[in-house]
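Each chain is listed here by its residues.
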Amino acid sequence: MTQNFAFTDTSENLSSVLQKLIGKLSGKTITLRELMEAIGEQGLLLMCAIACLPFLIPVSIPGVSTVFGAAIVMISLAITLNRLPWLPKRILDKQMETARLVPALQKGVTIVSKLDRYMRPRLPALTTGAVIGRVNGIAIMAAGILLMMPLGFIPFSNTLPGVAILLFSAGMIQRDGVTVLGGYLFLALTTIYFAALAYGAFWAGQGISNSLTGT
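Please read these numbers as outputs of a predicted model, since none were measured by experiment. (Residues numbered from 1 in each chain as written. Predicted model: local features only at pLDDT ≥ 70, side-chain atom pairs only at ≥ 80, totals over all residues. Heavy atoms only, no water.)

By secondary structure assignment, the location of T190 is in helix α9 (residues 177-213). Of the residues examined, T190 reaches a relative accessible area of 1% and is grouped as buried. If we ignore the near neighbours within four places in the chain, the residues touching T190 are L146, L160 and P161. (Helix = DSSP H or I, 4+ residues; strand = E, 2+ residues; numbered from the N terminus. Buried < 20%, exposed > 50% of the residue type's maximum accessible area, 1.4 Å probe, protein only. Contact = heavy atoms within 4.5 Å.)

Let us now look at the environment of A51. In this fold, A51 is placed in helix α3 (residues 43-52). When sequence neighbours within four positions are dropped, the list of residues in contact with A51 reads F68 and I72.

Let's shift gears to the nonpolar core. Ranked by internal contacts, the top residues of the largest apolar core, which has 60 residues, are L32 and F68. Once you skip the residues sitting within four places of it in the chain, F68 turns out to touch L32, L35, M47, I50, A51, P54, F55, M96 and L101. (Core = buried A, V, L, I, M, F, W, Y, C linked by side-chain atoms within 4.5 Å.)

Attention now goes to helix α8 (residues 159-173). For α8, with 15 residues, the first-to-last C-alpha span of 21 Å sits near the 21 Å given by 1.5 Å per residue. Of all 15 residues in α8, 14 are buried; the element is thus mostly enclosed. At the exit of α8 stands R175, carrying a positive phi of roughly 60°. (Expected span 1.5 Å × (residues − 1).)

Before going further, it helps to examine the packing of helix α1 (residues 14-24) against helix α6 (residues 98-116). At a minimum axis separation of 8 Å, α1 and α6 run at an interaxial angle of 165°. Between α1 and α6, the crossing angle belongs to the class labelled roughly antiparallel. Once α1 is placed against α6, the crossing between them reads as left-handed. Of the residues in α6, those in contact with L14, S15, L18, Q19 and I22 of α1 are V102, L105, Q106, V109, V112, S113 and D116. Of the residues in the contact of α1 with α6, the class split is 7 nonpolar, 4 polar and 1 charged. (Axes fitted to C-alpha atoms, helices over the stretch in contact; angles between N-to-C directions. Parallel < 35°, antiparallel > 145°, perpendicular 65-115°, else oblique. Left-handed = near helix turned anticlockwise from the far one by under 90°. Nonpolar A, V, L, I, M, F, W, Y, C, P; charged D, E, K, R; others polar.)

Below is the structure:
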């Protein structure tokens with residue numbers, strides 16, 4: 001059974017919320033289900049912000065790309081449809097190493113704390129209302145799909161969509177339309193960058209094909 005939800009405003013800095021969450025993490029491993037339970041009510045957007053943090057720094061955590069990428073896409077779909085999200089059991093219950101995840105989240109909090117200094121309620125047209133909420137949800141979903149592309153070995157292929165997701169999520173949580181606008185900017189940059197990669201790969205393939213055929 002699906003349920004509607006509404007985003008609640010928060011006066012607390014995003015970095016403070018994330019730091020409290022990290023303080024709750026314990027044990028050798030943690031699942032996405034446990035992480036979402038620890039987040040509590042402020043929920044979906046905060047989960048997107050958390051899920052993109054490991055992609056903002058040069059760290060490799062096995063399984064996180066698939067789990068967090070899928071979570072971002074499914075949660076953004078829920079935001080778009082104004083419904084609580086459904087996630088596959090294998091995604092919710094996949095074990096992730098706490099010892100590797102927590103340091104990545106801590107470094108992400110450092111990045112978010114710098115962003116906190118500039119965030120305040122602005123341009124409400126980009127953060128309030130059902131229609132713009134759905135539009136922003138579609139944008140987060142697009143960034144999440146780009147994040148899941150198997151291009152982690154290419155510089156910035158994870159960082160650019162990760163920054164876009166963070167800006168969208170943080171901006172919507174803090175009701176800062178300027179930050180949301182930044183999310184759209186990074187989504188556009190990501191799209192251009194991926195298009196350039198695809199174009200380069202196509203012409204590289206054409207060159208190899210021509211050299212093999214002698215044309």
